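Structural characterization, general
So the chains spell out like this:
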Amino acid sequence: MNVEELLRDALREQAAEQPPAGTGFAEWVLALRRRRRNRRLASVAAATAAVVAVAVAVPLLDSGKDDVRPSGVVEQQGVSAHPDQSPPRDLIAAGNTALAAYYIPNTVKRSATEAVYERTYWLLDSKTGRYVKAPQWSVVAVAPGLKTAAVLEKSLPASRIGLLDLTTGEVKRWIEVDHGVAGLEFSRDGRKLVATTYSDNPDLQVKPKGSDSWMGKQPSSRTGFYVFDVASGKGSWSEVKLGGGKSDRMSLDFINSRQDFALSRDGRYVWAGNPMGEIGKQFWDLTGASVPVPDNEKYLDWSVEALDSPSGRLVAGGFAGKKWHTSSYVVDSATGAKTEMRGQQLLAWVDDRTLVAWDIGKGANESEYHQRLVLVTIGSDKEVPLSGFRKDSGTNPDNGSGRWEPVFAER
Amino acid sequence: MNAEGLESFRDFVDSRSSALLKTAVLLCGGDRHAGEDLLQNALVKAAGRWQRIDEPEAYVRRILYRQQVSRWRLKWHRREVSVAEPPEAGAGTDAASAAELRLVMRAALSRLTARQRTVLVLRYFEDLPEADVARLLGCSVGTVRSTTHRSLARLRVLAPELAALGLAEVERQPSRDYSPVEVRP
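As the structure is a computational prediction, the values presented were derived from the model and not from experiment.

Considering the overall build of chain A
- In terms of helices and strands, chain A carries two helices and 25 strands.
- The 411 residues of chain A split such that 41% are buried.
- A sequence separation of at least 24 residues applies to 47% of the contacts in chain A between residues at least 6 apart.

So, the confidence of the model for chain A
Residue and element names in this part refer to chain A.
- Averaged over chain A, the pLDDT score is 83; the fraction of residues at 70 or greater is 82%.
- When the criterion is pLDDT under 50, residues 43-76 qualifies, and its contacts beyond four places in sequence or with other chains add up to 30 contacts.
- Below pLDDT 50 for its whole length, residues 394-398 participates in six contacts with residues either more than four positions away or in separate chains.

Some remarks on the sheet that holds strand 23 (residues 371-377) of chain A
Residue and element names in this part refer to chain A.
- One open sheet holds the four strands; their spatial order is 21-22-23-24, and the pairing between them is antiparallel. For this open sheet the edge positions go to strand 21 (345-349) and strand 24 (383-385), each flanked by a neighbour on one side alone. Put simply, the sheet's adjacent strands are angled 35° from each other on average, direction ignored.
- Alignment of strand 22 (residues 354-360) against strand 23, held across seven bridges, turns out to be antiparallel. Residue Trp358 lies in a different strand from strand 23, and its bridge partner there is Leu373.

Comments concerning the interface of chain B and chain A
- Contacts between the two partners involve 55 residues from chain B, matched on the other side by 50 residues from chain A.
- For the side of chain B that touches chain A, the secondary-structure elements that each account for two or more residues are helix 1 (3-27), helix 2 (32-48), helix 3 (56-73), helix 4 (98-109), helix 5 (114-125), helix 6 (130-137) and helix 7 (141-158) of chain B.
- Among the elements that line the side of chain B that touches chain A, the one with the most residues is helix 1 of chain B, at 15 residues.
- Its residues assigned to classes, the side of chain B that touches chain A shows 30 nonpolar, 10 polar and 15 charged.

Side note on the packing of helix 1 of chain B against helix 5 of chain B
All names here are of chain B.
- The N-to-C vectors of helix 1 and helix 5 enclose an angle of 135°; their axes lie 9 Å apart at closest approach. In terms of orientation, helix 1 lies oblique with respect to helix 5. Handedness of the helix 1/helix 5 crossing: right-handed. On helix 5, the residues touching Thr23, Leu26 and Leu27 of helix 1 are Arg117, Thr118, Val121 and Phe125.
- Residues of the contact of helix 1 with helix 5, tallied by class, amount to four nonpolar, two polar and one charged.

Brief notes about the pairing of strand 6 (residues 148-153) of chain A
Residue and element names in this part refer to chain A.
- Within strand 6, five of the six residues are buried, leaving the element largely enclosed by the surrounding structure.
- The sheet contact formed by strand 5 (residues 137-142) and strand 6 spans five bridges and is antiparallel. Bridging from a neighbouring strand, Val140 pairs with Val151 of strand 6.
- Here strand 5 folds back onto strand 6, and the loop between the two strands holds five residues, one of which, Gly145, carries a positive phi near 105°.
- Pairing of strand 6 with strand 7 (residues 158-165), which is carried by four bridges, proceeds in the antiparallel orientation. Considered in strand 7, the bridge of Ala149 is made with Leu164.
- The loop that links strand 6 with its antiparallel partner strand 7 comprises four residues.

Examining the sheet that holds strand 19 (residues 328-332) of chain A
Residues and elements named next belong to chain A.
- Spatial ordering of the open sheet is given by 18-19-20, a layout of three strands whose pairing is antiparallel. Only two strands of the sheet have a single neighbouring strand rather than two, namely strand 18 (314-319) and strand 20 (338-341). When strand polarity is set aside, the average angle formed by the axes of neighbouring strands in this sheet is 30°.

Here's the deal with the nonpolar core
Residue and element names in this part refer to chain A.
- Ranked by size, the top nonpolar core spans 83 residues in total, and within it Ala101, Val140, Ala149, Leu152, Leu355 and Val356 carry the most contacts.
- Counting residues per element, this core draws most heavily on strand 2 (residues 97-109), which supplies six residues.
- Taken domain by domain, the makeup of this core includes at least three residues from each of domain 2 (62-91 + 299-402) and domain 3 (136-297).
- Excluding residues within four positions of it along the chain, Leu152 makes contact with Trp137, Ser138, Val139, Ala158, Ile161, Val181, Ala182 and Leu184.

Description of the packing of helix 1 (residues 3-16) of chain A against helix 5 of chain B
- It is the contact of helix 1 of chain A with helix 5 of chain B, at a shortest axis distance of 9 Å, that shows an interaxial angle of 90°. If you check the angle between helix 1 of chain A and helix 5 of chain B, you find them roughly perpendicular. Of the residues in helix 5 of chain B, those in contact with Glu4, Leu7, Arg8, Leu11, Arg12 and Ala15 of chain A of helix 1 of chain A are Leu120, Val121, Tyr124 and Phe125 of chain B.
- Partitioned by chemical class, the residues of the contact of helix 1 of chain A with helix 5 of chain B number seven nonpolar, no polar and three charged.

Points about helix 2 of chain B
- With 17 residues, helix 2 of chain B should cover 24 Å at 1.5 Å per step; its first-to-last C-alpha distance of 25 Å lies within 8% of that length.
- Along helix 2 of chain B, the residues classified as buried are Ala34, Gly35, Leu38, Leu39, Ala42, Leu43, Val44, Ala46 and Ala47 of chain B.

Here we look at unusual backbone geometry
- Here the bond from Ser86 of chain A into Pro87 of chain A is cis, since omega is -5°, no more than 30 degrees from zero.
- Residue placement: Pro87 of chain A occurs in the loop between helix 2 (25-51) and strand 1 (93-94).
- Backbone torsion omega between Leu156 of chain A and Pro157 of chain A reads -5°, so that peptide bond is classified as cis.
- Along the polypeptide, Pro157 of chain A turns up in the loop between strand 6 and strand 7.
- Phi angles above zero are rare outside glycine, and Leu146 of chain A is one such case at about 60°.
- By secondary structure assignment, the location of Leu146 of chain A is in the loop between strand 5 and strand 6.
- Even without being a glycine, Asp127 of chain B presents a positive backbone phi close to 60°.
- Within the secondary structure, Asp127 of chain B is located in the loop between helix 5 and helix 6.

About the thresholds
Residues numbered from 1 in each chain as written. Chains lettered and ligands numbered in written order. Predicted model: local features only at pLDDT ≥ 70, side-chain atom pairs only at ≥ 80, totals over all residues. Helix = DSSP H or I, 4+ residues; strand = E, 2+ residues; numbered from the N terminus. Buried ≥ 20, exposed ≤ 12 C-beta atoms within 10 Å, placed from the backbone. Contact = placed C-beta atoms within 7 Å. pLDDT = per-residue confidence, 0-100. Pairing = 2+ DSSP bridges. Axes fitted to C-alpha atoms, helices over the stretch in contact; angles between N-to-C directions. Nonpolar A, V, L, I, M, F, W, Y, C, P; charged D, E, K, R; others polar. Parallel < 35°, antiparallel > 145°, perpendicular 65-115°, else oblique. Left-handed = near helix turned anticlockwise from the far one by under 90°. Core = buried A, V, L, I, M, F, W, Y, C linked by C-beta atoms within 7 Å. Domains from an automatic or database assignment. Expected span 1.5 Å × (residues − 1).

So this is what it looks like as structure tokens:
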């Protein structure tokens, strides 16, 4: 026997001797969390009281219940809604924001312990205003204007990026890459494209021993990003280690197996979510050097699809309601002040007051996943349905028929 | 966390906490109470970000490793771990049964630094290849190899009873890591 074998045996024996975690462990943890949060809130309140001598009125959450404006106010110019269609067949749009594409996800099992999360896309045909299946692509990002999409072929990470002409359905240009790409995102003005590179397919799913559910393979294989000039197809690659920098120190940062980069509002920085970090995100300059979070982006939340409003004054925030009473926050990007509004999940801004969101219908007490696209407006209690309801797919909302995921772009 | 998140959190804890607790206890050198504290803190942190996490198990495991290292850095004073049968100093390898050697090994493991023990638990309990440990800990394969090398050497110093055991593969290769060695308080 060598020392490795003994070590292995000793560790396994010690692990096997451990009695199971007590029943009610989850409740214990949740109770501890509540206590800590209350303590933190109390200490923040005490600190605030000590510093602020003048009472400051807390802004009341604006639920819109007293909104007396005519319903026409929330009905945007140029709304194209199809509340009878799910998934949609015909153009869904509001103002300058259009549903440019959608995809149907499916977890395809490869073996008992490995699967791949795949997407099948439908792209808007701007001539007919209908969505057309495009099964050849695994990732699609649509540029503002709905004329160009960046696409990746089925095998990820991909060795080339296609620039697809959405009016003809033809790839205008292929950009060859040395580092495999699996994520794509255009800048706000559509002139730049950030491509996230991975050494392995970030959509690989594994089933850990003793678990019934699939989860992304860890650790993430993300390696860095390219920033391309869309007009010329030229770009350079920057390495980003899992710890966020270029160094090889022993860091213990965590990112999801797919954690794509995006460009900041002004296109000066690249950023990505960092679920373990205290502020939940990291920023880099275009060469991959880590930079502090810009002041106007500090409330940006990567897990909320809508991100920041067209003017940058507001940021879409998380869920604010309780199960059947859905609502979301929008956050003032300068002060952090929160306002509550309708919508279960904020998906895309139409203008500085209006967003497209998922929401459940009234009396939809059978499932939180029975949602439809709606138009919601800050300060208003009204919702304008844009699509039909997505079907619930049991315990795994990412898998199964009837589920579809929207891709929005400026039209 | 909304109701759906709470439900999925409870499901996760009910189904995975026993397995996670095993790892947590090993990371704490066999201290069950410290392992429970470690896991509990990791789950409290995870609960705060539950609906942003795609891979909860990997996330919680990462917090376990990170917290363990942080506690170390804060010079967190760990309780002395008692083993079922404290090894007798100088006991000859010949006379020691495999079971006794495992107890000796446990006692030695509990005296390693958190970082050394974390690398050994990942390599020999989780059975992760060096490259995966390196990616998980955000360091190079060379650092994992040298830390493993040094940790095994340290085990031999702490437990002379292990001297007669054969060398591990990693011990046959020279260590090239010159980073400072952590010293226990």
